[in-house]
Amino acid sequence: MEIWINPACSKCRSALTLLDAEGAGYTVRRYLEDVPSKDEIRAALDRLGLEPWDITRTQEAAAKELGLKDWPREEGARDRWIAALAEHPKLIQRPIITADDGSAVVGRTEEAVREALSRSRG
């Protein structure tokens, strides 16, 4: 299991606390320092079953500067969104937890974190 976190994020810290309490084995990726490539973002989206606009923090200053709320949310704009996430990783919703079964979840709730745990434990 891998978890993409921002240490300053309370949801990320809560997810780590739960994973530790459950004795889960995981790798931490501080994605603001170890920025995911466009291909890694595409792979995470595939695992999540989501589109880039689904995991974009549209209230961040960078999102407002880019005018993301006005960008089309369609297949033709997908690469543009992915490029923005790679260039501005703070826009990526967090934490993202990749489970051992090949799936992933955005672990903003205890239920979502437990879902990733159950997928990793089989």
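Let me begin by describing the structure that accompanies this report.

1. Overview of the pattern of salt bridges
Following the criterion strictly, the structure yields 11 salt bridges and no others. With a shortest N-O distance of 3.0 Å, Glu 60 and Arg 57 are connected by a salt bridge. The pair Glu 60 / Arg 57 is uniform in exposure class, with both members buried. Each of Glu 22, Glu 110, Arg 114 and Arg 121 takes part in a single network of salt bridges with overlapping partners.

2. Focus: helix 5 (residues 110-121)
In this model, helix 5 (12 residues) spans 16 Å end to end at C-alpha, consistent with the 16 Å of a helix rising 1.5 Å per residue. Turning to helix 5, its buried residues number three or more, namely Ala 112, Val 113, Ala 116, Leu 117 and Ser 120. The arc that holds every buried residue of helix 5, seen down its axis, measures 145 degrees, which confines them to one face. Against the buried residues of helix 5 lie helix 1 (10-21), strand 3 (96-98) and strand 4 (104-106).

3. Comments concerning the packing of aromatic side chains
Scanning the model with the defined rule gives 2 aromatic pairs in all. A centroid spacing of 5.5 Å and a plane angle of 80 degrees characterise the contact between Trp 71 and Trp 81, whose relative ring orientation is edge-to-face. You can see Trp 71 sitting in the loop between helix 3 (61-66) and helix 4 (78-87) and its partner Trp 81 sitting in helix 4, a full 10 residues away along the chain. Of the two residues, Trp 71 and Trp 81, neither departs from the other in class, the shared state being buried. A network of ring pairs unites the aromatic residues Trp 53, Trp 71 and Trp 81 as a single cluster. Between the NZ or CZ atom of Arg 80 and the centre of the ring of Trp 71, over which it lies, the distance is 3.8 Å.

4. Side note on the sheet that holds strand 3
Taken in spatial order, the 4 strands make up an open sheet running 2-1-3-4, and their pairing is mixed. Looking at strand neighbours, the two that pair on one side only are strand 2 (27-30) and strand 4, the edges of this open sheet. Adjacent strand axes in the sheet meet at a mean angle of 20 degrees, parallel and antiparallel pairs treated alike. Inspection of the sheet shows strand 1 (residues 2-5) paired to strand 3 by 3 bridges, in the antiparallel sense.

Quick notes on the rules
- Residues numbered from 1 in each chain as written.
- Predicted model: local features only at pLDDT ≥ 70, side-chain atom pairs only at ≥ 80, totals over all residues.
- Heavy atoms only, no water.
- Salt bridge = Lys/Arg side-chain N within 4 Å of Asp/Glu carboxyl O.
- Buried < 20%, exposed > 50% of the residue type's maximum accessible area, 1.4 Å probe, protein only.
- Helix = DSSP H or I, 4+ residues; strand = E, 2+ residues; numbered from the N terminus.
- Expected span 1.5 Å × (residues − 1).
- Arc of directions from axis to C-beta.
- Contact = heavy atoms within 4.5 Å.
- Phe/Tyr/Trp six-rings, centres within 6.5 Å; stacked < 30°, edge-to-face > 60°.
- Lys NZ or Arg CZ within 6 Å of the ring centre and 35° of its normal.
- Pairing = 2+ DSSP bridges.
- Axes fitted to C-alpha atoms, helices over the stretch in contact; angles between N-to-C directions.

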